[in-house]
Structure formats: structure tokens, C-alpha cells
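A structural walkthrough
Residues per chain are reported as follows:
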Amino acid sequence: MPYQFEDLKKSCQNEWQAYIEHGFVQQLGNATLAPEAFQHYLKQDYLFLIQFARAFALAAYKSPTLSDLRQAKEGLQAIVDVELDLHVSYCKEWGISEQELADLPEARATLAYTRYVLDTGNRGDLLDLHVALSPCMVGYGEIANWLNSRAETIRGENNPYDAWIAMYESDEFQEAMRAEIDWLNERLADVSPARFKELTRIFSDATRLEIDFWEMGLKQSD
């Protein structure tokens, strides 16, 4: 049987569940997350997006086909021209100025995950890079869906974090998530068991680093 993205998740089931259902996520959905924790997360997520853009630039360099090159270019352009501006605007709503974002130091969890992604992409090929990015590119969409499946999740004006959930449940993000899964499935179908074992390690490492990113937000650690 050819490998699929679901096989990566199954191989790291405990880590994936700990990531998707993390306390930060649960408190966000329950509207009980401390505002200071969310603000800390937002600030670091801005820095994460900048490194994410660099990862797409690396993906362009690693692209073996014109189709892959176009995909990387679209991802880079979306972050630089759209997502970062939206993030800055959203941060302003939470009392975080653009100057404050520009002056921020990176927390250790931000450094660890983003540099791991870039190092993985530099050492490996385009598939290695996409697998390292997939806990973010796929995970946030799954988190929104999981939150919406819970009776405890509060939606609407009674939850100050409703806009965050709405962002990742949106048709646009869900479509991008499905496109990423399709891309991964197509490439994973051709890998050997030994190669899949290597990719599983990358996926596991990246997922654990995403867990640390939630912990960083929850504990407001530097």
C-alpha cells in the first residue's frame, strides 16, 4: 500500500493529539485563555511568519519542477503581501503596535521550530521541507475543525478568540490545507519504507516543536 499523510499522523498519534488538543487550544476554544498568553503567542507568531516566508523561498530553490516553483512562489507571496499585513492589523486590535513587533526578540520555542524547518529543508529535499512544515500548514486547519467538533467551544462575541478560529476554519485555509495534503499524498505514495521512516522522524520532531510553541504561549516564556 502506498504511504499517505494519514500514515504520518498515525505513526506519531500521541504527539499529534497532544498538539491538536493542547491546553492552549482548549482554553482558546473555551474562551478561558489569559489575554496575556494570547498576546504573547501573537507576537511570536508574527516572527514565525517571517521565517515561514523564508521557508517558502527555500522551497522555491529546492523545487525540481515549474509547478513546484509556482507553488512556492504563491506561498511566499501570500505570506509577504497578505498574511503579514493581516497579522499586523490583528495584533493592533490586541494592543500590539507594529513597532513592538519589529523590536521583538524571538522566543526559544520560535527559534527552535523555525530553524529546524529551515535546517531540514537545507539538508534534505522539497519533500523533507514540506513534511517539516505540515504540522503548521495542516495542523491549524485540523485544530479549527476539532474546536468546532467540541460542545465546550464557545463561538461568537462571547469568545474573544473567535476571529482566530474563524481564520482557520475559513474556506480559503481549509482549501489550502487540502491542497497541501494532496501534494504530500502524491509524493509519499512513491517513497520506500526506509524513506518513510526518515520522514516520520521529521514529522514527529516538527510536531513536538509545535507543542513547545503552544507551551511557550501558555506559559508566556521567552
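Residues numbered from 1 in each chain as written. Predicted model: local features only at pLDDT ≥ 70, side-chain atom pairs only at ≥ 80, totals over all residues. Heavy atoms only, no water.

1. A closer look at the nonpolar core
Of all hydrophobic cores here, the largest spans 75 residues; its most connected members are Phe5, Leu28, Phe38, Tyr41, Ile143, Trp164 and Trp214. For this core, the element with the most residues is helix α4 (residues 35-62), which contributes 14 residues. In contact with leucine 28, other than residues within four places in its own chain, are Leu33, Phe38, Leu147, Asn159, Tyr161, Trp164 and Ile165. (Core = buried A, V, L, I, M, F, W, Y, C linked by side-chain atoms within 4.5 Å. Buried < 20%, exposed > 50% of the residue type's maximum accessible area, 1.4 Å probe, protein only. Helix = DSSP H or I, 4+ residues; strand = E, 2+ residues; numbered from the N terminus. Contact = heavy atoms within 4.5 Å.)

2. Brief notes about a negative patch on the surface
The grouping of Glu83, Asp171, Glu172 and Glu175 at the surface amounts to a negative patch. Broken down by element, the negative patch gets its largest block of residues, three residues, from helix α11 (residues 171-188). Tracing the backbone shows aspartate 171 in helix α11. In this structure aspartate 171 comes out as exposed when scored by relative accessible area, which is 66%. (Patch = residues over 30% accessible without salt bridge, like charges linked within 9 Å, V, L, I, M, F, W, Y side chains within 5 Å. Areas by Shrake-Rupley, 256 points an atom, 1.4 Å probe, with all protein chains shown as cover. Salt bridge = Lys/Arg side-chain N within 4 Å of Asp/Glu carboxyl O. Lys, Arg positive; Asp, Glu negative; His and termini not counted. Charge placed at Lys NZ, Arg CZ, Asp CG, Glu CD.)

3. Some thoughts on the packing of aromatic side chains
Under the definition given, this model contains 26 aromatic pairs. Centre to centre, the rings of tyrosine 19 and tryptophan 214 are 6.3 Å apart; their planes meet at 25°, and the pair counts as stacked. In this pair, tyrosine 19 is assigned in helix α2 (residues 13-20) and tryptophan 214 in helix α12 (residues 193-219), connecting sequence segments 195 residues apart. As far as burial versus exposure is concerned, tyrosine 19 and tryptophan 214 are alike and both buried. (Phe/Tyr/Trp six-rings, centres within 6.5 Å; stacked < 30°, edge-to-face > 60°.)

4. Digging into α2
Looking only at α2, the buried set comprises Trp16, Tyr19 and Ile20. Considered in projection along α2, the buried side chains sweep an arc of 90° and stay on one side of the axis. Where the residues of α2 are buried, they touch α1 (5-11), α3 (23-30), α8 (126-137), α9 (139-149) and α12. (Arc of directions from axis to C-beta.)

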